[in-house]
Amino acid sequence: MNNFVYDIPTKVYFGKDEELNVGKYLKEFGATKVLLHYGGHSAEKSGLLGKVRKAMDDEGIPFVELGGVRANPSIELVRKGVKLAIDEKVDFILAVGGGSVMDSSKAIAHGAANPGVDEWDLQLKKVPFTKSLKKGCILTIAAAGSEMSDSCVISNDELHMKKGINCPQNRMNFAIENPCLTFTVPKYQTACGAVDITMHTLERYFNKGDHTELTDALAEAVMRENNKAGKICVEDPENYDARATMMWASSIAHNDLTGLGRGKFLQLHQFEHVISAVYPEVAHGAGLAALWPAWARYNMPYNKDRWAKFAKNVWGVDCDEAHPEIGASKAIDMQEDYYRSIGMPVTLRELSPKITEDDLTKFADMVSENGNRVLDGPKPLDRNDILAIYKEAF
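A short tour of the structure in this document, coming up. On a predicted model such as this, the values are computed, not experimentally measured, just so you know. (Residues numbered from 1 in each chain as written. Predicted model: local features only at pLDDT ≥ 70, side-chain atom pairs only at ≥ 80, totals over all residues. Heavy atoms only, no water.)

## Some details on the overall build of the protein
Inclusion rule: Helix and strand definitions here come from DSSP, where helices need a minimum of 4 consecutive H or I residues and strands a minimum of 2 consecutive E residues; each element is numbered from the N-terminal end. The quantity called the radius of gyration is restricted to C-alpha atoms. Its globule counterpart is 2.2 Å times the number of residues to the power 0.38. Each residue's exposure class comes from its accessible area (1.4 Å probe, protein chains only) as a fraction of the maximum for that residue type: buried when under 20%, exposed when over 50%, partly exposed otherwise.
A tally of regular secondary structure across the protein gives 16 helices and eight strands. Its C-alpha atoms give the protein a radius of gyration of 20 Å, within 12% of the compact-globule value 21 Å for 394 residues. Its C-alpha atoms give the protein principal-axis dimensions of about 65 × 45 × 45 Å. By residue count, 58% of the 394 residues in the protein fall in the buried class.

Below is the structure:
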């Protein structure tokens, strides 16, 4: 087992109606003025934003608002939020939404706490920083895991770049998780969330590391139970127990618990990030689903025993010790079939008609930084490997 540091400072308030207590929780964390940050109209139409405003008013907490966060959140809105937070002397950012809103909130918190520094330079790690505003979230979709992760991913449309930064300052001070708030999430987005949750754990599971049996068991349980819950939520959107399982799996899958003692690098996420950087309308989870079968089949021969363990403990496939690749291949097929069953694409052609064969070379160049970067893992992936996977996924 590799050395690791595990420090999760996020306080989670889980269950029905917890969002009604957000004013009290903000006071608990010392908020004196809040930037309420959210996406489109769904949070308004559902009445959630009205409840949040009332909760803050009841506690006498002043606030300003900034909506308009899109999928694959933009640096342009982050810059607008930073200016608003500084001008209004905000000391707490409250995200109401999913991963995009939370990541946008994190980037705003960093920029507001480090005035005069370009927000994109912070995202590119060109400028080291230790300060950030306090932040919390009310989760409305189980997917990205940003509510407990140290990750923040932002897009720059002008540069066609999508970059993530991992640092302790990205941790939320608190997360409110009421599964009922996810009942109205459309089937497609629910399915995208199910993919993203599993991938956060699966990619950790296939990192380098040995003698991580306890971590492995936790990871396998998250993948197994999330797969079950995801299917139920797509078919029965108001099933509280399944929604609760997905929501908690979202948090566990990306708070590092399911990868302790192993590597942390997420190879497949690097493949998807460049696609949604070029085509921002592509849903992240759908992009992962479209890429995963090709990535899995390309990697499996280099780590057969690990894939056989995944096959047995996640999909119940017994593997012949002499030929583990047979059972491993069957499990990959089962995972691919599962994605089809919940309406997810399993090729890039299915993902978007805009993606062409000419794009594949561009994607490979972006991921490999024109051949100067190798993605770490049991099978390190250079530009040729990366391009081969894109072609197989097409």
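## Re the packing of helix H8 (residues 213-235) against helix H12 (residues 304-315)
Applied cut-off: Helix axes use the C-alpha atoms of the stretch in contact, all axes being lines fitted to C-alpha atoms, and the angles between their N-to-C directions lie in the range 0 to 180 degrees. In this scheme, roughly parallel covers angles under 35 degrees and roughly antiparallel covers those over 145, while 65 to 115 is roughly perpendicular and the rest are oblique. The sense of a crossing depends on the near helix, which, turned anticlockwise from the far helix by less than a right angle, makes the crossing left-handed and, turned clockwise, makes it right-handed. Contacts between residues were defined by any pair of non-hydrogen atoms, one from each residue, lying within 4.5 Å. Put simply, Ala, Val, Leu, Ile, Met, Phe, Trp, Tyr, Cys and Pro go in the nonpolar bin, Asp, Glu, Lys and Arg in the charged bin, and everything else, Gly too, in the polar bin.
Running from amino to carboxyl end, H8 crosses H12 at an angle of 50°, the nearest separation of the two axes being 9 Å. Between H8 and H12, the interaxial angle falls into the category oblique. Relative to H12, H8 is oriented so that their crossing is right-handed. Within the contact between the two elements, H8 uses Asp 216, Glu 220, Met 223, Arg 224 and Asn 227 and H12 uses Arg 306, Lys 309, Phe 310, Asn 313, Val 314 and Trp 315. Here the contact of H8 with H12 is built from residues that sort into four nonpolar, two polar and five charged.

## Some remarks on the nonpolar core
Selection criterion: The term nonpolar core refers to a set of buried residues drawn from Ala, Val, Leu, Ile, Met, Phe, Trp, Tyr and Cys, joined through side-chain atoms within 4.5 Å.
Residues Leu 348 and Tyr 390 are the most contacted members of the largest nonpolar core, which totals 99 residues. A total of nine residues in this core trace back to one element, the largest contributor, which is helix H11 (residues 284-299). Among the nonpolar cores identified, the runner-up in size contains 23 residues, and Leu 26, Leu 48, Leu 49 and Val 96 belong to it.

## Structural notes on the packing of aromatic side chains
The criterion, for reference: Only centres within 6.5 Å qualify two rings of Phe, Tyr or Trp (six-membered ring in Trp) as a pair; their planes then separate them into stacked at under 30 degrees, edge-to-face at over 60, and tilted for everything else.
Taken as a whole and judged by the stated rule, the model has 18 aromatic pairs. The interplanar angle of 10° and the centroid separation of 3.5 Å between the aromatic rings of Tyr 13 and Tyr 25 together place this pair among those described as stacked. Placement of the pair is Tyr 13 in strand E1 (residues 11-14) and Tyr 25 in helix H1 (residues 22-28), with a sequence separation of 12 residues. Each member of the pair Tyr 13 and Tyr 25 is classed as buried.

## Digging into the packing of helix H7 (residues 187-205) against helix H10 (residues 267-278)
The angle between the axes and the distance between the axes are what describe a pair of packed helices. Taken N-terminus to C-terminus, the directions of H7 and H10 make an angle of 135°; their axes are 8 Å apart at the nearest point. Here H7 lies oblique to H10, going by the angle between them. From H7, Asp 196, Met 199, His 200 and Glu 203 reach across to H10, where they touch Gln 267, Leu 268 and His 269. In terms of residue class, the contact of H7 with H10 is built from two nonpolar, three polar and two charged.

## As for a nonpolar patch on the surface
Formally: Residues with no salt bridge and a relative accessible area higher than 30% make up the patches, which join like charges within 9 Å and nonpolar side chains (Val, Leu, Ile, Met, Phe, Trp, Tyr) within 5 Å. Only the protein chains shown count as covering a residue, and every accessible area follows the Shrake-Rupley method with a 1.4 Å probe. Salt bridges are defined as contacts in which a side-chain nitrogen from Lys or Arg sits within 4 Å of a carboxyl oxygen from Asp or Glu.
Taken together, Met 1, Phe 4 and Tyr 6 make up a surface patch of nonpolar side chains, about 310 Å² in accessible area. If you trace the backbone, Met 1 turns up in the segment before E1.

## Things to note about the sheet that holds E1
Counted only if it meets this: In this analysis, strands are considered paired if DSSP registers two or more bridges between them.
The strand order across the open sheet formed by six strands is E1-E8-E5-E4-E2-E3, and the pairing between neighbours is parallel. With partners counted over all chains shown, the strands left at the sheet margins are E1 and strand E3 (63-66), one partner each. When strand polarity is set aside, the average angle formed by the axes of neighbouring strands in this sheet is 15°. Pairing analysis gives four bridges linking strand E5 (residues 134-139) to strand E8 (residues 174-177), with the strands arranged parallel. Across the sheet, residue Gly 136 finds its bridge partner in E8, namely Phe 174. Contacts from helix H4 (residues 75-87) reach strand E2 (34-38) and E3 within the one sheet, and its direction differs from that of E3 by about 165°. Each of E2, E3, strand E4 (92-97) and E5 touches helix H5 (residues 99-113); the most contacted strand, E4, lies at about 165° to it.

## Focus on the side chain of Glu 119
Mapped onto the secondary structure, Glu 119 falls in helix H6 (residues 119-123). The exposure class assigned to Glu 119 is buried, which follows from its relative accessible area of 12%. Setting aside residues up to four positions removed in sequence, Glu 119 forms contacts with Ile 75, Val 78, Arg 79, Val 82 and Gly 111.

## Focus: helix H3 (residues 48-58)
The cut-off we apply is this: Of all possible arcs, the one meant is that of the directions from the helix axis to the C-beta atoms.
Taken together, the buried positions of H3 are Leu 48, Leu 49, Val 52, Arg 53, Ala 55 and Met 56. The arc that holds every buried residue of H3, seen down its axis, measures 160°, which confines them to one face. Relative to its buried face, H3 has exposed residues pointing more than 90 degrees away, namely Asp 57 and Asp 58. Close packing links the buried residues of H3 with H1, E2, helix H2 (42-45), E3, E4 and E5.

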